[in-house]
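Each chain, written out:
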Amino acid sequence: MLLKERYQAFVDHFSKYQPNAETELHYTNPYELLVAVILSAQCTDKRINQVTPKLFIRFPDVHQLAKASSDEVFEYIRSVSYPNNKAKHLVGMAQKLVHEFGAEVPSTIEDLQKLPGVGRKTANVIASVIYQAPAMAVDTHVFRVARRLGLCTNAKTPLAVEKQLVKYLPEDKIHVAHHWLILHGRYTCLARSPKCEQCPLSWFCKYYQQQHTESALLKAEKAKLRKLEALKKKKTAKKNGRILKKKSIKS
Ligand code: SF4
């Protein structure tokens, strides 16, 4: 299957069945999404959605968060991963937004990355979710699923995966394809035990085809070994039979 056809199959499937896929993080405006995405690094969306309602009531906008101490923010986010660092990042991010960006969430990856706690992945999420920019955030699910499906070849790093996806996906689908890959990785193409038997993409999935080819080869190899073993046993039995016959003639 050509790479182009593989991408076409991927886009066709999700355009039909999940045309409006979106983030599972709860937010009502760019400020809340930025906070939620910063918090979600190395943590689950489910956990973040448990802490953000109270956090957003106490700090309803970037101005309130900019005035907070990281100790106070920590109390609201203590159950997420790395709460100390994230509390400092949130306050630092809010202060920078207020002082350098007119309290608006910037739209370019470059500006977003100037904010504390915002790396390339977070910047790509914000740019694609809020501004529908053709940016691909590569998290662990995107990295795994894109490689398994064969959408990327020899891509060993998140950046390499990002570049290939951005290169081959239709530009207007890049922002939604990010969610397709994440959701597929979260619910079907699980890291340890992918649910291949119920996956609608198995017919063009490279990983699935490899697994099947490997298991078919393994089966054929085992059958060959069993045949050789049986042949060997037959020969030994025949030989033993001849020896016994000779002995009985002699006696
Ligand atoms: S067939 Fe299996 S490995 Fe391939 S995308 Fe589906 S679940 Fe993942």
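Residues numbered from 1 in each chain as written. Predicted model: local features only at pLDDT ≥ 70, side-chain atom pairs only at ≥ 80, totals over all residues.

Visitor: So what exactly am I meant to see when it comes to the packing of helix α2 (residues 30-40) against helix α3 (residues 45-58) here?
Guide: To characterise two packed helices, one gives the angle between the axes of the helices and the distance between these axes. Across the interface, α2 lies against α3 with an axial gap of 10 Å and an inter-helix angle of 135 degrees. With respect to each other, α2 and α3 are oriented oblique. Crossing geometry of α2 relative to α3 is assigned as right-handed. Of the residues in α3, those touching α2 at Glu32, Val35, Ala36, Leu39 and Ser40 are Asp45, Ile48, Thr52 and Phe56. Within the contact of α2 with α3, the residues separate by chemical class into five nonpolar, two polar and two charged. (Axes fitted to C-alpha atoms, helices over the stretch in contact; angles between N-to-C directions. Helix = DSSP H or I, 4+ residues; strand = E, 2+ residues; numbered from the N terminus. Parallel < 35°, antiparallel > 145°, perpendicular 65-115°, else oblique. Left-handed = near helix turned anticlockwise from the far one by under 90°. Contact = placed C-beta atoms within 7 Å. Nonpolar A, V, L, I, M, F, W, Y, C, P; charged D, E, K, R; others polar.)

Visitor: How should I be thinking about helix α6 (residues 83-100) in this particular structure?
Guide: Working note: α-helix, 3.6 residues per turn, so residues spaced by three or four point in the same direction. Here α6 spans 25 Å end to end across 18 residues, near enough to the 26 Å set by a 1.5 Å rise per residue. Lining the buried residues of α6 we find α2, α4 (62-66) and α5 (70-77). Two residues or fewer past α6, Gly102 is found with a positive phi of approximately 60 degrees. (Expected span 1.5 Å × (residues − 1).)

Visitor: Is there a simple way to explain the site of the ligand in this structure?
Guide: Neighbouring residues of the ligand: 13 residues in total, closest Cys189, Pro194, Cys196, Cys199 and Cys205. Secondary structure elements with two or more residues in the shell around the ligand: α9 (140-149) and α12 (206-250). Here the shell around the ligand is built from residues that sort into nine nonpolar, two polar and two charged. (Near = placed C-beta within 6 Å.)

Visitor: I keep staring at α9 and nothing clicks. Help me out?
Guide: Summarising burial for α9: seven of the 10 residues are buried, a large majority. Within the sequence span of α9, burial applies to Val142, Phe143, Arg144, Val145, Ala146, Arg148 and Leu149. Positive backbone phi, approximately 85 degrees, marks Gly150, located one or two places after α9. (Buried ≥ 20, exposed ≤ 12 C-beta atoms within 10 Å, placed from the backbone.)

Visitor: I tried to follow the nonpolar core on my own but got confused; where do I start?
Guide: Inside soluble globular proteins, nonpolar side chains tend to come together where they are buried. Ile38, Leu90, Ile126, Val142, Ala146 and Leu165 are the most contacted members of the largest nonpolar core, which totals 58 residues. Of the residues forming this core, the biggest block, seven residues, is contributed by α2. Setting aside its immediate chain neighbours within four residues, Val142 contacts Val161, His178, Leu181, Ile182 and Gly185. (Core = buried A, V, L, I, M, F, W, Y, C linked by C-beta atoms within 7 Å.)

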